[in-house]
Amino acid sequence: MKHPFLRNEVVKMMRRTPRFLLLVSIVFAAPLMLAQKTTKNTYRVYVGTYTGPASKGIYVFPFDSASGKAGSLELAAETTSPSFLAVDPTQHYLFAANEISNYQGQKSGGISAFALDSKSGKLAFLNEVSSRGAGPCHLAVDKTGKYVLVANYDSGSIAAFPVEQGGRLGEASSVIQHAGHGPNAERQEGPHAHDITISSDNRFVIANDLGLDQLLVYHFDSTKGTLAANQPAFASVEPGAGPRHSAFHPSGRFFYALNEIAGSISAFNYDAHSGVMRHLQTISTLPADFKDKNDSAEIVVHPYGRFLYGSNRGPDTIAVFAIDSAKGTLKLVETVPTQGKEPRNFAIDPSGKYLLAANQNSNTVVVFRIDPKTGRLTATGQVLEVPSPVCLVFVPMD
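Residues numbered from 1 in each chain as written. Predicted model: local features only at pLDDT ≥ 70, side-chain atom pairs only at ≥ 80, totals over all residues. Heavy atoms only, no water.

1. Let's talk about the overall build of the chain
- Looking only at helices and strands, one finds 2 helices and 29 strands in the chain.
- The C-alpha radius of gyration of the chain comes to 23 Å, within 12% of the 21 Å expected for a compact globule of 398 residues.
- Reported as C-alpha extents along the three principal axes, the dimensions of the chain are approximately 85 × 50 × 45 Å.
- Per-residue burial over the chain gives 54% buried out of 398 residues.
- Restricting the contact set of the chain to residue pairs at least 6 apart, pairs at least 24 apart contribute 48%.
- Surface exposure of the chain reaches about 17,700 Å², of which carbon and sulfur atoms provide 54%.
- Side-chain charges in the chain split into 36 positive and 34 negative, and the spacing between the mean points of these groups amounts to 13 Å. (Helix = DSSP H or I, 4+ residues; strand = E, 2+ residues; numbered from the N terminus. Rg over C-alpha atoms; globule rule 2.2 N^0.38 Å. Buried < 20%, exposed > 50% of the residue type's maximum accessible area, 1.4 Å probe, protein only. Contact = heavy atoms within 4.5 Å. Areas by Shrake-Rupley, 256 points an atom, 1.4 Å probe, with all protein chains shown as cover. Lys, Arg positive; Asp, Glu negative; His and termini not counted. Charge placed at Lys NZ, Arg CZ, Asp CG, Glu CD.)

2. Remarks on the side chain of R44
- Within the secondary structure, R44 is located in strand β1 (residues 42-49).
- One polar contact links the side chain of R44 to the main-chain carbonyl oxygen of K119, over a distance of 2.7 Å.
- For R44, the contacting residues outside a window of four places in its chain are V60, F61, P62, D117, S118, K119, S120, G121, V393, F394, V395 and M397. (Polar contact = N/O pair within 3.5 Å; in protein donor to acceptor, adjacent residues only side chain to side chain.)

3. Remarks on the pairing of strand β21 (residues 296-301)
- Along β21, 6 of the 6 residues are buried, which leaves the element largely enclosed by surrounding structure.
- Taken together, the 4 bridges between β21 and strand β22 (residues 307-312) define a ladder with antiparallel strand orientation. Opposite I299, over in β22, you have G310 as the bridge partner.
- Where β21 folds back onto β22 in an antiparallel hairpin, the turn is made up of 5 residues, including G305, whose phi is positive at roughly 80 degrees. (Pairing = 2+ DSSP bridges.)

4. A short note on the packing of aromatic side chains
- All chains considered together, the criterion is met by 7 aromatic pairs.
- Seen from their ring centres, Y43 and F394 are 6.0 Å apart, and the 90 degrees between their planes marks the pair as edge-to-face. With a gap of 351 residues between them, Y43 in strand β1 and F394 in strand β29 (residues 389-396) connect regions that are remote in the sequence. Judged on exposure class, the residue Y43 and its partner F394 are both buried.
- Between F63 and Y354, the ring centres sit 5.7 Å apart and the planes meet at 80 degrees, which makes this aromatic pair edge-to-face. (Phe/Tyr/Trp six-rings, centres within 6.5 Å; stacked < 30°, edge-to-face > 60°.)

5. A word on the environment of D271
- Residue placement: D271 occurs in the loop between β19 (264-270) and β20 (277-284).
- Overall, the relative accessible area of 35% leaves D271 in the partly exposed class.
- Looking at D271, its side chain comes within polar contact range of the main-chain nitrogen of S274, at 3.2 Å.

6. Some thoughts on the confidence of the model for the chain
- Mean pLDDT over the chain: 92, with 90% of residues reaching 70 or higher.
- Counting interchain partners and residues more than four positions distant, the pLDDT-below-50 stretch residues 1-39 has 8 contacts. (pLDDT = per-residue confidence, 0-100.)

7. Focus on the sheet that holds strand β27 (residues 364-370)
- Strand order in the open sheet formed by 4 strands is β25-β26-β27-β28, with antiparallel pairing between adjacent strands. Whereas interior strands pair on both sides, the edge strands pair on one side only; in this sheet they are β25 (343-348) and β28 (377-385). Neighbour-to-neighbour, the strand axes of the sheet open up by a mean angle of 25 degrees, direction not taken into account.
- Pairing between β25 and strand β26 (residues 354-359): 5 bridges, direction antiparallel. The partner of A347 across the bridge, within β26, is L356. (Axes fitted to C-alpha atoms, helices over the stretch in contact; angles between N-to-C directions.)

8. A closer look at the pairing of β22
- Most of β22 sits out of view: 6 of its 6 residues are buried.
- Alternating residues of β22 divide into F307, Y309 and S311 and L308, G310 and N312, and every residue in both groups is buried.
- By the bridge criterion, 6 bridges tie β22 to strand β23 (residues 317-323) in an arrangement that is antiparallel. The partner of S311 across the bridge, within β23, is I318.
- The turn joining β22 and β23, which pair antiparallel and follow one another in sequence, is formed by 4 residues; a positive phi near 60 degrees is taken by D316.

9. A look at the pattern of salt bridges
- What the rule picks out here adds up to 7 salt bridges.
- A salt bridge links E260 to R313; the shortest N-O distance between them is 3.5 Å. Of this pair, E260 sits in the loop between β18 (254-259) and β19 while R313 is found in the loop between β22 and β23, placing the two residues 53 residues apart along the sequence. The pair E260 / R313 is uniform in exposure class, with both members buried.
- When salt bridges with common partners are traced through the structure, they connect R187, R244, E260, K293, D295 and R313 into a single cluster. (Salt bridge = Lys/Arg side-chain N within 4 Å of Asp/Glu carboxyl O.)

Okay, structure coming up:
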């Protein structure tokens, strides 16, 4: 305190009552404690892979969001082709979709559960269950942490599984088989469930089906782990577009679907009360003059809700979009090479400062800095060697 009068008065009050000293200590300590809590910037990044000669399963490396520096890569757990990962809300358990089509003689894949050691970062295997469909490629944990939901690409089905005490997975509480096909005879000969996205209030589940050109909406009962079709049962994208992955806007008002085949993003207005979606816009993720083969892959909305990113596995780029906060529509800002081949997945660190691109076919994870004003990406020069990376998940480090 610079003013001498105020300083003297405070000293007098402190002498008169010890309670004032306690109050002052609480008032001044609280912001410091809050700052310490909110400025925590060290994470572990878990990497799902396709296993083979180079990869054995799930890998992990430390990441500092203050400096943008990544540490050394280590094997966290051995498991077969953990192509997508998800962590429960307590951050005690990690779940992996084992993308195979033969599970113990069944035409199915698997889902594995692991206990997460917060000190070492290692994963301890708990159990594995049938995904109740072939080729599981995406999963999500519901907001209560009591259920894991999975999308089975090859068989075109989705399922929910209870998380038992201790993190083990139980048998499926709900299984739904999609039916039908799209106009692309090669890619859409049948249903191909590719994504499971859960609404922030945990009431609805949206499943992208690449084979049907539909975003199927389900009521989710988080007490029983059951799924029931909403009315209307789905929203559609353009015929032949092939919706792959989706993301909600942080406000919950908008929903975005990345279309793998068309190389585009479909934006929707989302009614949180009814689960109904209304189409707003479809915009390309590719330059107008790009004519070669492309498969778009991942979509992520920036934590602050101002920008959206989508990856392309033809030109090997990430498209950057600005989001109109009032309308939910997108405007292309730039497309940036990922400095690798096949950017199947990417993730933004929780601070919103950095984007990490996983280049599957060049076995690299490349770190980009995000401009907070424009959303533009700038490579930091950091390239981490990772075998066949196909999913990145951030977990705070103790």
